[in-house]
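# Summary of the model geometry
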There are 2 protein chains.
Amino acid sequence: MSRWKPDARGRLEKAALELYNDKGFDATTVAEIAARAEVTERTFYRHFGDKREVLFQRNALADVLAHATATAADHLAPLEVIARALAEAAPVFEERAELVRQRQAVIAANPELQERELAKLASLVSTLAHALRARGLEATTAALAAEIGIAAFKVAVERWIDDPGRHTLAQHIRGTLDAARHLTAPVEHAAATDEGSFTGRQNVA
Amino acid sequence: MSRWKPDARGRLEKAALELYNDKGFDATTVAEIAARAEVTERTFYRHFGDKREVLFQRNALADVLAHATATAADHLAPLEVIARALAEAAPVFEERAELVRQRQAVIAANPELQERELAKLASLVSTLAHALRARGLEATTAALAAEIGIAAFKVAVERWIDDPGRHTLAQHIRGTLDAARHLTAPVEHAAATDEGSFTGRQNVA
């Protein structure tokens, strides 16, 4: 523990996620995380406020979405604006695929963490709705578009995690938003796959 | 407080929502709720486990959604199934418009209650996704449709509350789901109103 190694933060995150998956989030202590990462507890607390913060770090997603939405071309449909904004944010996740997969598993196993995750997603919806209103979209339409966008993003991340290496997250985001569009069409019951083989019939009133 | 009056539960709910709005949720005590409703605290606890349960009562919504989804005609598009299921559930809310309005205001003012509300909505998404899978819809498509449906429901309830008497909740649900369909179209920036004046152009790849 005395020899300095680079990237203490990265090792702490990796150690924490492994322990949360192995032992459960509640049963894991900061001391165990620090030991596995070969740093002191004090180093842990230099990087994270507590155990939960490892899972809910401030990341660039909200900023990337807000900026991409603000700067998208004027003529684009709201869901197209969102699709492009989410695609811009995708590399943040792509680069950390294994950590994202572990994080999802930890959260899925713990109702309190699920509530926190829902709050985080709701905050992304607000950010996105705000950026869409700033483009001139009426408030409830902006709220609806943002809800659909983040819902599609959530589903896309789950699809991507279950689909090791076949498609990028950006492709899953695009596919999921296309699926959202086609949900208005009457579908055969064999229905859609994640490769976009939808019936394609439109049922627009 | 000695004379028996009918509908203690209804009076408790009304008293609680008034107090939560006037004083704030945290500052309100069960003793105050009981006093305003002219019942004993013991009567309060016969009806509700705690202060929070007044806001998060078990209601028929999940059951109505599940049943309506299970029994909808085979050929209907997923979002049409959801639109009809939500319309069936609307009277539960219509009959309690003022209480729903007060409840939303209390929740909007309290982050902890917001987290609880998000969890309740997420549980509705699960119920609906389960019912859609039972109709033969592929799992992530069902999840996506359920997310969009509940997001539309949430936005429709907000629109309805802000629109005293002009449209029914069922009409707002229909309008919001139509709006969701039209969000794929490039829109003029004056954009959509809650009366459905969308551009109507479709931009399906």
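## Observations regarding the overall build of chain A
- Broken down by element type, chain A carries 9 helices and 0 strands.
- Mapped in sequence order, the helices and strands of chain A form the string α-α-α-α-α-α-α-α-α.
- Carbon and sulfur atoms make up 52% of the accessible area of chain A, which amounts to about 9,700 Å² in all.

## Some details on unusual backbone geometry
- The backbone phi angle of E38 of chain A is positive, close to 60 degrees, even though this residue is not glycine.
- Judged by relative accessible area, which is 40%, E38 of chain A ranks as partly exposed.

## Quick notes on helix α8 (residues 139-161) of chain B
- Here α8 of chain B contains 23 residues, and its C-alpha end-to-end distance of 33 Å stays within 8% of the 33 Å for a straight helix at 1.5 Å per residue.
- Among the 23 residues in α8 of chain B, 19 count as buried, and that is most of the element.

## Side note on the confidence of the model for chain A
Residues and elements named next belong to chain A.
- On average, residues of chain A score 86 in pLDDT, and 87% of them are at 70 or above.
- Per-element averaging of pLDDT across chain A places helix α9 (residues 169-182) at the bottom with 88 and helix α2 (residues 30-37) at the top with 97.
- Low pLDDT, under 50, characterises residues 187-205; the predicted model gives this stretch 41 contacts beyond four residues in sequence or across chains.
- Reported confidence for the predicted complex is 0.76 by ipTM and 0.80 by pTM.

## Quick word on the environment of V100 of chain B
Residues and elements named next belong to chain B.
- On the secondary structure map, V100 appears in helix α6 (residues 97-108).
- Taking the relative accessible area as the measure of exposure, V100 reaches 8% and is therefore buried.
- Taking the C-alpha atoms as reference points, V100 and I161, separated by 61 residues in sequence, lie 8.0 Å from one another.
- In contact with V100, not counting residues within four places along its chain, are F93, V157, W160 and I161.

## As for the side chain of T141 of chain B
- By the element assignment, T141 of chain B lies in helix α8.
- With a relative accessible area of 3%, T141 of chain B lands in the buried category.

## Quick look at the domain arrangement of chain A
Residues and elements named next belong to chain A.
- In terms of domain boundaries, chain A breaks down into domain 1 (8-55) and domain 2 (61-202).
- Each of domain 1 and domain 2 has a C-alpha centre, and the two are 29 Å apart.
- With 10 residues of domain 1 in contact, the opposing surface of domain 2 contributes 9 residues.
- Between domain 1 and domain 2, a total of about 900 Å² is buried, with carbon and sulfur atoms accounting for 58% of that surface.
- The interface formed by domain 1 and domain 2 includes 1 salt bridge.
- Between R96 and E13 there is a salt bridge whose closest N-O contact spans 2.5 Å.
- Inspection of the domain 1/domain 2 interface yields 3 residue pairs in polar contact (both at pLDDT 80 or more).

## With respect to the pattern of salt bridges
All names here are of chain A.
- Taken as a whole, this structure holds 23 salt bridges over all chains when the rule is applied.
- Here R174 and E80 are joined by a salt bridge, their closest N and O atoms 3.1 Å apart. Note that R174 is positioned in helix α9 and E80 in helix α5 (residues 78-94), a separation of 94 residues in sequence.
- For E80, a relative accessible area of 9% gives the class buried.
- One continuous salt-bridge network, built from bridges that share partners, spans K14, E18 and R36.

## Some thoughts on the packing of helix α5 (residues 78-94) of chain B against α8 of chain B
Residues and elements named next belong to chain B.
- It is at 10 Å that the axes of α5 and α8 come closest, and there the two elements cross at 35 degrees. The chirality of how α5 crosses α8 is right-handed. Two secondary-structure elements touch here, α5 through P78, L79, I82, L86, F93 and E94 and α8 through A145, A146, I148, G149, F153 and W160.
- Split into classes, the residues belonging to the contact of α5 with α8 amount to 10 nonpolar, 1 polar and 1 charged.

## Thoughts on the packing of aromatic side chains
- Under the counting rule described, the total for this entry stands at 8 aromatic pairs over all chains.
- On the numbers, 4.9 Å between centres and 70 degrees between planes, the contact of Y20 of chain A with F25 of chain A is edge-to-face. Just as Y20 of chain A is buried, F25 of chain A falls in that class too.
- Residues F44 of chain A and Y45 of chain A carry aromatic rings whose centres are separated by 5.2 Å and whose planes lie at 85 degrees to one another, so their mutual orientation is edge-to-face.
- Members of the aromatic cluster, connected to one another through ring pairs, are F44, Y45 and F48 of chain A.
- Against the face of F25 of chain A rests K51 of chain A, its NZ or CZ located 4.5 Å from the ring centre.
- Lying over the aromatic face of F56 of chain B, R116 of chain B brings its terminal NZ or CZ to 4.9 Å of the ring centre.

## Regarding the nonpolar core
- Grouped together as the largest cluster of nonpolar side chains are 85 residues, with contacts concentrated most on L65 of chain A together with L65 of chain B.
- Beyond its immediate chain neighbours, meaning those up to four positions away, L65 of chain A contacts A85, L86, A89, L124, L128 and I150 of chain A.
- Within the second largest apolar cluster, 22 residues are counted, among which are L12, I33, F48 and F56 of chain A.

Rules of the game
Residues numbered from 1 in each chain as written. Chains lettered and ligands numbered in written order. Predicted model: local features only at pLDDT ≥ 70, side-chain atom pairs only at ≥ 80, totals over all residues. Heavy atoms only, no water. Helix = DSSP H or I, 4+ residues; strand = E, 2+ residues; numbered from the N terminus. Areas by Shrake-Rupley, 256 points an atom, 1.4 Å probe, with all protein chains shown as cover. Buried < 20%, exposed > 50% of the residue type's maximum accessible area, 1.4 Å probe, protein only. Expected span 1.5 Å × (residues − 1). pLDDT = per-residue confidence, 0-100. Contact = heavy atoms within 4.5 Å. Domains from an automatic or database assignment. Buried area = accessible area lost by both parts, 1.4 Å probe. Salt bridge = Lys/Arg side-chain N within 4 Å of Asp/Glu carboxyl O. Polar contact = N/O pair within 3.5 Å; in protein donor to acceptor, adjacent residues only side chain to side chain. Axes fitted to C-alpha atoms, helices over the stretch in contact; angles between N-to-C directions. Left-handed = near helix turned anticlockwise from the far one by under 90°. Nonpolar A, V, L, I, M, F, W, Y, C, P; charged D, E, K, R; others polar. Phe/Tyr/Trp six-rings, centres within 6.5 Å; stacked < 30°, edge-to-face > 60°. Lys NZ or Arg CZ within 6 Å of the ring centre and 35° of its normal. Core = buried A, V, L, I, M, F, W, Y, C linked by side-chain atoms within 4.5 Å.

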